[in-house]
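Descriptive structure summary
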Amino acid sequence: MTDKFDVLVIGAGAAGLYTALCLPEHLQVGSINKNTLPVSASDWAQGGIAAAIAPEDSAALHVQDTVAAGAGLCDLEAVKFLVEEAPDCIDSLVKMGVAFDRAGSDLALTLEAAHSRRRVLHSADTTGKAVIGTLTAKVLSRQNIQVVSPAFALSLWLDESGRCQGISAICGNRVKWLRASAVVLATGGGGQVFAQTTNPSVSTGDGVAIAWRAGALLRDLEFVQFHPTALSKAGAPRFLISEAVRGEGAHLVDSKGYRFAFDSHPSGELAPRDVVSRAIFRHLQKTGEPHVWLDLRPIAVDRLRYRFPNIIQVCADWGIDIFSEPVPVTPAAHYWMGGIVADKFNQTSIPGLYAVGETASTGVHGANRLASNSLLECLVFGAQMGLLQVEGEKSKPFTDEVDVGQIWEKSISPQEIETIEKLRVELPSLLWQSAGICRGMRDLESAIVQVEIWRQEFASLPLSQTLDNLPPGQTIDFSPDNAENSSVLRNWGELGNLLDIGYLILKSAAFRTESRGGHYRVDYPLTDRDWCRHTLINQSNWYKSDLIED
């Protein structure tokens, strides 16, 4: 494997794969993937991709719905760009071979919460899998793209001027440096920092944590979307029951069959996600019940079978017959609106570093993402990387660095493994309790103190001391050379990132003394007009942006 590329793309979900495909074909691209097979939130996406392509719809209406969901913090120009580019991106996917559902010869469109028109394209209820499968096949067929997997990005490599020139990465049992003229972070979200999440195991906030440690500007990390309806069954993963189910007519009810969501919002179960999630949370607090119920029986049987075969199958696998009984559901962390500040061309505050998809904060989601805009964002902004120019930025030789031929050998102690495993279990429980759906200053402050203690404990591990101070160009081999050591190294890296993003979320949630979008404070339950601002984070500094005018 080469250690030098023109561009490194970190992540292999929709954002990473589409970015790699859109980069100019004369560039040598390294696609860094934590797993050997695609495992990403994109791959799990059920609902679909939003695009205003119906005759009765318009870009203006899609913009209006997106801005309304974003609760005052959307960047209007970014939203317009997202929406106006949507039809071309859909056309691109169709030409690539993504098999969207059709109504006759037209693309079929469904309604989702907070959309004013049917504008969500889907492939049954496994849209993400259809898109990822197609993009993966295209990436594997491209001569200029080298897939590097399993590989885990540890840190950014900046030159003396502060420009990004590569990364350090775990490749098997070896930690090494990979050089590139540009690095694109497309690592998805950080749902694994919460005990209850619909996100896959790879969603550990890697890109945001890596960028923060390197000094990149971050924004709005307190805004986390909690999906209202994740399967709640003992032993089962928090499988997401798509928003589209409610769009097709499913009812959200309690144990007595009462549609309680209408007590919180006139749109009931079709209100924005944060409203529905809080309605469920409050109802469970009031009743003491472990979950509520999603009743799909109002949907015609043929329609159910056609639209939601995967949901039917997964529920059946866990002993639930959706044709004769409702599905037990609770909210779970689903999408992170905040991220690394990036412009329309995905450029971050660090030269040579780009961010695409959920990792980025482009301004399109504001304080709360509109359903099915996330896959769209991956595609629209990923396509902009086709404009990237890296000619003339020839890789400089290693200078003032250790001999690149020298390899250190290290081992990992059982005590370190035990600490890593302990913290990996305790952190998500703390974040769920203190920074979940409803937050308060007392819980946030005590959680910040605890996470700071854990971060210090983590930093003092011999493994952390070695890898956090690895000189550029130095390679380390961990012995013995086995799968267990490789897994421990990845667990170490993911835990470090989770501790960092947990700290960032807690501090940001404490900083914003109001409720807005995906951030709800029980001690500040109202939206404050003077807080119509972004939360900005640079290293250890938190500050407010200028007021955003209507």
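Notes on the structure follow.

Thresholds, definitions, all that
- Residues numbered from 1 in each chain as written.
- Predicted model: local features only at pLDDT ≥ 70, side-chain atom pairs only at ≥ 80, totals over all residues.
- Heavy atoms only, no water.
- Helix = DSSP H or I, 4+ residues; strand = E, 2+ residues; numbered from the N terminus.
- Rg over C-alpha atoms; globule rule 2.2 N^0.38 Å.
- Buried < 20%, exposed > 50% of the residue type's maximum accessible area, 1.4 Å probe, protein only.
- Contact = heavy atoms within 4.5 Å.
- Areas by Shrake-Rupley, 256 points an atom, 1.4 Å probe, with all protein chains shown as cover.
- Polar contact = N/O pair within 3.5 Å; in protein donor to acceptor, adjacent residues only side chain to side chain.
- Pairing = 2+ DSSP bridges.
- Axes fitted to C-alpha atoms, helices over the stretch in contact; angles between N-to-C directions.
- Disulfide = S-S within 2.5 Å.
- Phe/Tyr/Trp six-rings, centres within 6.5 Å; stacked < 30°, edge-to-face > 60°.
- Core = buried A, V, L, I, M, F, W, Y, C linked by side-chain atoms within 4.5 Å.
- Salt bridge = Lys/Arg side-chain N within 4 Å of Asp/Glu carboxyl O.

Comments concerning the overall build of the chain
- Secondary structure assignment for the chain yields 15 helices and 22 strands.
- The globule rule puts the C-alpha radius of gyration for 550 residues at 24 Å, and the 23 Å found for the chain is close to it.
- Per-residue burial over the chain gives 59% buried out of 550 residues.
- For the chain, contacts bridging at least 24 residues in sequence account for 72% of all contacts bridging at least 6.
- Split by element, the accessible area of the chain, about 21,000 Å² in all, is 51% carbon and sulfur.

Things to note about the side chain of Thr229
- Within the secondary structure layout, Thr229 lies in strand S12 (residues 224-231).
- A polar atom in the side chain of Thr229 sits 2.8 Å from the backbone oxygen of Ile241.

Details of the sheet that holds strand S18 (residues 360-361)
- On the basis of which strands lie adjacent, the open sheet formed by five strands has the order S18-S16-S11-S21-S22 and mixed pairing. The open sheet has two free edges, formed respectively by S18 and strand S22 (541-544), since each of these has just one partner strand.
- Note: strand S11 (residues 218-219) against strand S21 (residues 535-538), two bridges, orientation antiparallel. Among the inter-strand pairings, Leu218 is bridged to a residue of S21, identified as Ile537.
- Relative to the sheet, helix H6 (residues 206-214) contacts S11, strand S16 (339-341) and S21, its axis offset from that of S16 by approximately 50°.
- Of the strands in this sheet, S11, S21 and S22 are in contact with helix H15 (residues 483-511), which crosses S22 at around 40°.

Some words on the pairing of strand S1 (residues 4-10)
- With respect to burial, S1 is a largely interior element, five of its seven residues being buried.
- Where S1 lies against strand S10 (residues 174-185), six bridges are found, and the strand directions are parallel. Considered in S10, the bridge of Val7 is made with Ala182.

Focus: the state of the cysteines
- According to the stated counting rule, one finds zero disulfides in the structure shown.
- No disulfide involves Cys171; its sulfur sits 16 Å from the nearest other cysteine sulfur, which is in Cys164.

Observations concerning the packing of aromatic side chains
- The full count for this structure, using the stated rule, is nine aromatic pairs.
- Between the aromatic rings of Phe226 and Trp432, the centroid separation amounts to 5.8 Å while the plane-to-plane angle is 65°, which identifies the pairing as edge-to-face. With Phe226 in strand S12 and Trp432 in helix H12 (residues 414-435), the pair connects residues that are 206 residues apart, well separated along the chain.
- Its relative accessible area of 4% is what places Phe226 among the buried residues.
- Between Tyr503 and Trp542, the aromatic rings sit 6.1 Å apart at their centres with planes inclined by 85°, giving edge-to-face as the arrangement. In this pair, Tyr503 is assigned in helix H15 and Trp542 in strand S22, connecting sequence segments 39 residues apart.

A few points about the nonpolar core
- Leu8, Ile167, Val183, Phe194, Leu431 and Leu467 are the most contacted members of the largest nonpolar core, which totals 79 residues.
- Here the element with the most residues in this core is H15; it accounts for 13 residues.
- Each residue touching Leu467, except ones within four places of it in the same chain, is listed here: Leu154, Val175, Ile476, Phe478, Leu489 and Trp492.
- Counting 47 residues, the second-largest nonpolar core is a separate cluster that includes Leu93, Val131, Ala182 and Val390.

What to know about the pattern of salt bridges
- Tallied over the entire structure, the rule returns 29 salt bridges.
- One salt bridge in this structure joins Arg521 and Asp523, with 2.8 Å as the shortest N-O distance.
- For Asp523, a relative accessible area of 34% puts it in the partly exposed group.
- Salt bridges linked by common partners bring Lys34, Asp206, Arg424, Arg490 and Glu494 together as one network.

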